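# Observations on the model geometry
Here is what each chain is made of, one letter per residue.
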Amino acid sequence: MRQSSFSQKKNSFLLLFGLGISTLGDFIYLVAINVLVLQLTGSAAAVAGLWIIGPIASMVTKFWSGSMIDRLNIRRIMIGTDLIRAALVAIIPFFNSIWPIYVCLFFLSISKAFFEPAAITYITKVVPEKGRKQFNSFRSLITSSAFLIGPAISGALLLITSVHLSIWLNAFSFVVSGIMVYLLPNVNTEADQTVHTFSLKMLRSDWKEVFRFSQSNLFIVKVYFLAQLFMIVALGMDAQEVVFTQQVLHLSETDYGLLISLTGVGSILGAATVSLVAGKLSIKALMASGYLLVSVGYLVYAFSVSFWTVAIGFMILGFFNSFSGTGFMTFYQNNVPVKMMGRISSIYGIFQSVLQVIFILLIGFTGEIIPVRYSIIAASMLLLVLSFWQIKLVLMPSKSGYFKEEAELKSTS
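Residues numbered from 1 in each chain as written. Predicted model: local features only at pLDDT ≥ 70, side-chain atom pairs only at ≥ 80, totals over all residues. Heavy atoms only, no water.

## Observations concerning the confidence of the model for the chain
Here is the rule we go by: A residue's pLDDT is simply how confident the predictor is in it, with values from 0 to 100. Numbering of helices and strands runs from the N terminus; a helix is a DSSP stretch of H or I covering at least four residues, while a strand is a stretch of E covering at least two. In what follows, a contact means two residues having at least one pair of non-hydrogen atoms within 4.5 Å.
Taken over all residues, the pLDDT of the chain has a mean of 84, while the share at 70 or more is 92%. Across the chain, helix H12 (residues 283–302) holds the top mean pLDDT of 94, while helix H16 (residues 406–412) sits lowest at 46. In this model, residues 407–413 is a region of pLDDT below 50 whose contacts with residues beyond four sequence positions or in other chains number 4 contacts.

## Examining the pattern of salt bridges
Counted only if it meets this: Salt bridges are counted wherever a side-chain nitrogen of Lys or Arg sits within 4 Å of a carboxyl oxygen of Asp or Glu. Three labels apply to residues, based on accessible area from a 1.4 Å probe with only protein chains included: buried if under 20% of the type maximum, exposed if over 50%, partly exposed otherwise in between.
Overall, the coordinates contain 6 salt bridges when judged by the stated rule. Residues aspartate 206 and arginine 71 are paired through a salt bridge, measuring 2.7 Å at the closest nitrogen-oxygen approach. Separated by 135 residues along the polypeptide, aspartate 206 in helix H8 (residues 200–216) and arginine 71 in the loop between helix H3 (65–69) and helix H4 (74–91) bring together distant segments of the chain. Judged by its relative accessible area of 2%, aspartate 206 is buried. Overall, the relative accessible area of 22% leaves arginine 71 in the partly exposed class. In this structure, aspartate 206 engages arginine 343 in a salt bridge whose closest nitrogen and oxygen atoms are separated by 3.2 Å. Taken as a pair, aspartate 206 in helix H8 and arginine 343 in helix H14 (residues 341–369) lie far apart in primary sequence, 137 residues in all. You can call arginine 343 buried: its relative accessible area is 8%. One salt-bridge network, in which partners are shared between bridges, spans Asp70, Arg71, Asp206, Glu209 and Arg343.

## Observations regarding the domain arrangement of the chain
We count it as follows: Reported domain spans reflect what an automatic or database domain assignment gives. What gets called buried area is simply the loss in accessible area from a 1.4 Å probe that two parts show on being joined, summed for both.
Considered domain by domain, the chain is made up of domain 1 (1–186) and domain 2 (199–397). If you average the C-alpha positions of domain 1 and of domain 2, the two centres end up 21 Å apart. Domain 1 puts 31 residues into the contact, and the matching count from domain 2 is 40 residues. When domain 1 packs against domain 2, close to 3,000 Å² is buried across both sides, 65% of that on carbon and sulfur atoms. Where domain 1 packs against domain 2, one counts 2 salt bridges. Where aspartate 70 meets arginine 343, a salt bridge forms, and the shortest distance between an N and an O atom there is 2.6 Å.

## Focus on the nonpolar core
Counted only if it meets this: The set of buried Ala, Val, Leu, Ile, Met, Phe, Trp, Tyr and Cys residues whose side-chain atoms join them within 4.5 Å is what this entry labels a nonpolar core.
Counting 57 residues, the largest nonpolar core has Met287, Tyr298, Tyr301, Phe328, Phe331 and Ile344 as its most contacted members. Of all elements in the fold, only H8, helix H9 (218–239), helix H11 (253–277), H12, helix H13 (307–335), H14 and helix H15 (372–394) reach the threshold of two or more residues within this core. Considering every element that reaches this core, the biggest residue donor is H9, with 12 residues. Here phenylalanine 328 is in contact with Val223, Tyr224, Ala227, Gln228, Met287 and Tyr291, once residues within four sequence places are set aside. One finds Leu14, Phe114, Met180 and Leu184 within the second-largest nonpolar core, a separate group that totals 26 residues.

## What about unusual backbone geometry?
If a residue is not glycine, its phi is most likely negative; likewise, a peptide bond is most likely trans. Phi at histidine 250 is positive, roughly 60°, even though this residue is not glycine. If you trace the backbone, histidine 250 turns up in the loop between helix H10 (241–248) and H11.

## Focus on a nonpolar patch on the surface
As a reminder of what qualifies: In this scheme, patches are assembled from residues that exceed 30% relative accessible area and form no salt bridge. Like charges are connected within 9 Å, while nonpolar side chains (Val, Leu, Ile, Met, Phe, Trp, Tyr) are connected within 5 Å. Per-residue and other accessible areas were derived by the Shrake-Rupley procedure at a 1.4 Å probe size, with only the shown protein chains allowed to occlude residues.
Judged by side-chain polarity, Leu83, Leu169, Phe172, Val175, Ile179, Tyr182 and Leu183 come together as a nonpolar surface patch covering roughly 670 Å² of accessible area. The greatest single-element share of the nonpolar patch, amounting to 5 residues, is contributed by helix H7 (residues 163–182). Along the chain, the position of leucine 83 falls in helix H4. Look at leucine 83 and you get partly exposed, because its relative accessible area is 45%.

Right under this line is the structure:
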């Protein structure tokens, strides 16, 4: 029993370390790739193109990737996509033209579209139900820390060395992540089949199965899509925050950089708090408090008149983002069948990507017609409505079974 408990902790640590090191590499690379493309082209449009490639690749890939994820060995998928991403990132500095870089980024996004649903499935299989809240809170803490530390490391590397080293560091982080996953157990050895059976008929069958699951589990679908819609509206607001802070509040670029750092600090403090109290807070409490207070943070930001009011809003939303994220991910892992998690994550992800592109374009377009302040206020009010709707669903007494955790299930059996 002790060995089993030790193995579980070791596996969780290796998985956290692997995912964490690649996330840190991603944030280091994020700054570097923007700088590299700007150096190569001198074009802001070329840099903007970097942000379009991901959603396009995601929409193209997620139609069929879930079917493969659920049928193949997910550990091998994670290792393979880590190594492919390492190779693709490593060759980027050798190009002197923007188009080969775009091609690499397209295939990087395809690899990511495989890796992320596979990682969610693997986490669900490796981490026992009673430890998922704690694991998700630690992962949130690592991501928040990487968000703050990664760009700082990248900035320091750009000053000391070159943009190429930052990019190669990201490639190395994927290799380390692959090694960590290689050290982890094989959780679905029965899924070592080849993909020669992959066909349009199988694809149609998988889509039908996901829709059947959705029809018979409407509550899970509602909670999922409300969470995704909440995130999409927030991302749309984030896409306009530079315009809002500089053109509406007349803050400097230095002020904006400090605001992003304060958001990162808030995220780290929030994630640290969740990791400390995860055992005491229920999934319901994490989701209800998280969604409500993140929307309050965005409201404070929308009605801000100075640097400090924006800072307070950013700190609030950064702090409570970990609450909603940890609660929702644990709810998802506990209620979605692990055998079809890859298909559900991928197929739902298509709709998420489409909505994301539409909303970012919508909020940007309305910003050209009406003052940015009003479009940000409207979006923040929408977030508040979505948070109330999510809280209403979460707190429904008739749906409490969806939020029961292992300890509660044992005590009632």
